[in-house]
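# Structural overview for review
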Amino acid sequence: MSPSRLLAVVLLAALWEPGALAAAPPARRPRVDREAMREAMDAAASDEGAFSSSASYSQYLRARLLHHAGDHRGAVDALRLALATDDGHPLLLTRLAEEYARLGDLDKAEQELRRAVERSSAYYPAHAMLGRVLLESGRFTRARLHLRRAIALKPREPEAYLVLAQLYMESGAPAEAVKVVESLARALPGEASGYRRLGLALAERGDTHRAERLLTEAASRDPGDVEVLGTLAKLYEETGRPGRAEETLARALEREPDSQEVLMSAGRSALKAGSVVRARAYFDRLLSLSGEPETAVRVAFSYLAEREPAAAVEVLESARAASGDEPRLAYYAGLVHERLRRFADAAQAFEAVPESSDVFADARVRRARCLSLAGQHPRALALLRAALQEAPSDLEVRAQYARALERSGAAARAESVLKEGLAQGPSAALYDALAGTLQRQNRGAEALALLREAVTRAPKDQALLYVQGAAFERQGDLAGAQARMRAVLEVEPDHAAALNFLGYLLAQTGRDLDEAERLVLRALELRPDNGAFLDSLGWVYFRRGDYPRAVEALERASSLAPDEPVILEHLGDAYQRAARSADAAGAWRRALEVLSLDPESAEPPGQREALERKLKALSMGAAGR
């Protein structure tokens, strides 16, 4: 018995139950919905609505239950039993193909779907699924034929359009994918799914222009889609429109006022748009909803990225006061103070991290480094000696101990500590530390000889080759540095740091700027959010004379690595060439402020004097005008 007939019998039995008619009040006959009747008759006449036996229908229902329970192998068995008494039923064949596809057997899925379309050439679900299976198998041409056939059969059904758009995306034809989505929009006015899915996919692939257009249309059709609004806001921010981003996120918050991710994004956009007041409102709301330490940290670092250090410290200190002895907040407060070069405050925050915390070991080393930089040498050395005794093979601890010894005036002892570590086993990190120690003692030739010997023993050690190249650069031997970086890339072509280093060296010489750009762009593909790499890209543009692009890249670098003296100096240089003298002076002054707190961050060692000369020349030029 077919499901439609079975339903009719059940309804009739209910109506003829004793008292059923007597209890029913008289009612007006409802208006006949002729469109609904036509759809019902079409469904009853389709292959999907007719099973040859109740056993077949029973096994089909069992298969659906198993499918929803995640037992796709059991669903296959049930569908095969259904087909045993209902051979060639297109619905059963299509469902069977679906189960095979979920099990990863695309060949069997395709085989069953071909049987289905042979049995019923006008069966939409089989064509749509066959298109999807062929797409998954990489056979785009045949997939396209079945998807086009499915669309012709049911032009108001979105599924085949969406799969066809995906096909064009995967075959590298986004413009064709957009045409498919526009066809769906014409077939179903008001439908947002095509614009939504393709827009999100294009945004993920970095096709900003197309993504923005499609997502804007999706948002107009479904104004409450928070994911679409959030992605649109991200596109606006990435293209330098923080005001539009914040406005879009405000619309998302109207739908989901307690969305923590949207509140975080809105706060960041407000900061980029220059409104600390609005940012604080978003962040305060976010912090009231979440007591997680990481939330406070993310807010604090958002403030830091936009050069609002006082607000960053306030957020973390408030969170620490509210949470009591939460060690992670003390640790993160230490990180913020350290980033601001407030070394005494950072050391005090790290001191609050208890030994039982999983971040204690790192907090202790960071505390010691901060104490050392603050000139509190005995306390710093005591902490590092204790850490080294507990973990004598920890290379970072040994390197930090040696550097603290050197700061305290015990350079010879620092050298011994590093050599003791190297005696336990070769290490590029320790060779780098030792070479740096020797360089600071004006023993650069000795450092190069040491590294040459190490590389001779391990000529394919990319880390050692990189350290040797850096040592050549510190000695002013740019040709030697370039040769070593190229040797690194012969061993590891995608060594991001070496790609960047070589690109920067080429930019410094002013030659081979096209190769320099190619190298740095490849490094950024591997590590897109690296401020140092963006600094190198900005410097390539600067050396080429493309000052607007240099400013753009260097501003992005500075937002990722705020208060880095080298980046700030380069940014000031680019501002000056772009005729933005006030901005240039501001960038150089910020660099000097950092260097006054952390002289070791100077690169090269005479950077402070160079910055002072630039500022003096700038002021004299302004006075001359």
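Whatever comes next refers back to the structure up there.
Overview of the structure. Owing to the predicted nature of the structure, the values given are computational and were not obtained by experimental measurement.

### Here's the deal with helix 32 (residues 531-544)
A rise of 1.5 Å per residue sets the reference length of helix 32, with its 14 residues, at 20 Å; its end C-alpha atoms lie 20 Å apart and thus fit the reference within 8%. Those residues of helix 32 that are buried are in contact with helix 30 (496-509), helix 31 (513-526), helix 33 (547-560) and helix 34 (565-577). By the N-cap criterion, in which a side-chain oxygen at the helix start approaches the backbone nitrogen of a residue two or three places on, helix 32 is capped by N530, the distance to A532 being 2.9 Å.

### Re the side chain of T94
Locating T94 in the fold gives a position in helix 6 (residues 90-102). Residue class for T94 comes out buried when judged on its relative accessible area of 5%. A distance of 2.7 Å separates a polar side-chain atom of T94 from the backbone oxygen of P90. Setting aside its immediate chain neighbours within four residues, T94 contacts L113, A116, Y123, P125, A126 and M129.

### Observations concerning the packing of helix 6 against helix 7 (residues 106-119)
Between two packed helices, what matters for the description is the angle formed by their axes and the separation of those axes. Closest axis-to-axis distance for the helix 6/helix 7 pair is 8 Å, and the angle between their directions is 165°. Classed by the angle they form, the pair helix 6 and helix 7 counts as roughly antiparallel. In the crossing of helix 6 with helix 7, the sense of the turn from one axis to the other is left-handed. Two secondary-structure elements touch here, helix 6 through P90, L93, T94, L96, A97, Y100 and A101 and helix 7 through L106, K108, A109, E112, L113, R115, A116 and R119. Of the residues that constitute the contact of helix 6 with helix 7, the class distribution is 10 nonpolar, one polar and four charged.

### Focus: the nonpolar core
The nonpolar side chains of soluble globular proteins are, as a tendency, buried together. With 198 residues, the main nonpolar core has L198, F283, Y303, L316, Y331 and V336 as its most contacted residues. Those residues in contact with L198 that lie beyond four places of it in its chain are M169, A177, V178, V181 and L214.

### A look at the packing of helix 26 (residues 428-440) against helix 28 (residues 462-474)
Following both chains from N to C, one finds helix 26 and helix 28 inclined at 15°, their axes separated by 9 Å at the closest point. Here helix 28 runs roughly parallel to helix 26, going by the angle between their axes. The two elements helix 26 and helix 28 cross, and the hand of that crossing is right-handed. Two secondary-structure elements touch here, helix 26 through A428, Y431, D432, A435, G436 and Q439 and helix 28 through A463, L464, V467 and R474. Tallied by class, the residues present in the contact of helix 26 with helix 28 amount to six nonpolar, two polar and two charged.

### A few points about helix 27 (residues 444-457)
With 14 residues, helix 27 should reach 20 Å at 1.5 Å per residue; the first-to-last C-alpha distance of 20 Å fits that figure. In the core, the buried residues of helix 27 are packed alongside helix 26 and helix 28.

### Let's talk about the packing of aromatic side chains
All chains considered together, the criterion is met by nine aromatic pairs. When the ring of F51 is compared with that of Y60, the centres are 5.4 Å apart and the planes differ by 40°; the resulting orientation is tilted. Owing to a relative accessible area of 8%, F51 belongs among the buried residues under this scheme. Ring plane angle 5° and centroid distance 4.4 Å describe the contact between W539 and F542, whose orientation is recorded as stacked. Here F542 and W539 lie together in helix 32, a separation of three residues that amounts to about one turn. Accessibility assignment for this pair places W539 and F542 in one class, buried. Each member of the aromatic cluster is reached from another via a ring pair, and the members are F51, Y57 and Y60. One cation-aromatic arrangement involves R244 over Y236; the distance from NZ or CZ to the ring centre is 4.4 Å.

### Focus on the environment of L524
For L524, the position within the fold is in helix 31. Since its relative accessible area comes to 10%, L524 is described here as buried. As for L524 and A497, which are separated by 27 residues in sequence, their C-alpha atoms are 9.8 Å apart. L524 has contacts with N530, F533, L534 and L537, leaving out every residue within four places of it along the chain.

### Notes on the pattern of salt bridges
Counted according to the given criterion, the structure contains 54 salt bridges. The partner of R241 in a salt bridge is E212, with the nearest N and O atoms 2.7 Å apart. Of this pair, R241 sits in the loop between helix 14 (226-238) and helix 15 (242-255) while E212 sits in helix 13 (residues 208-221), and the two are 29 residues apart along the sequence. D598 is the salt-bridge partner of R341, the closest N and O atoms lying 3.4 Å from each other.

Criteria and cut-off values
- Residues numbered from 1 in each chain as written.
- Predicted model: local features only at pLDDT ≥ 70, side-chain atom pairs only at ≥ 80, totals over all residues.
- Heavy atoms only, no water.
- Helix = DSSP H or I, 4+ residues; strand = E, 2+ residues; numbered from the N terminus.
- Expected span 1.5 Å × (residues − 1).
- Contact = heavy atoms within 4.5 Å.
- Polar contact = N/O pair within 3.5 Å; in protein donor to acceptor, adjacent residues only side chain to side chain.
- Buried < 20%, exposed > 50% of the residue type's maximum accessible area, 1.4 Å probe, protein only.
- Axes fitted to C-alpha atoms, helices over the stretch in contact; angles between N-to-C directions.
- Parallel < 35°, antiparallel > 145°, perpendicular 65-115°, else oblique.
- Left-handed = near helix turned anticlockwise from the far one by under 90°.
- Nonpolar A, V, L, I, M, F, W, Y, C, P; charged D, E, K, R; others polar.
- Core = buried A, V, L, I, M, F, W, Y, C linked by side-chain atoms within 4.5 Å.
- Phe/Tyr/Trp six-rings, centres within 6.5 Å; stacked < 30°, edge-to-face > 60°.
- Lys NZ or Arg CZ within 6 Å of the ring centre and 35° of its normal.
- Salt bridge = Lys/Arg side-chain N within 4 Å of Asp/Glu carboxyl O.

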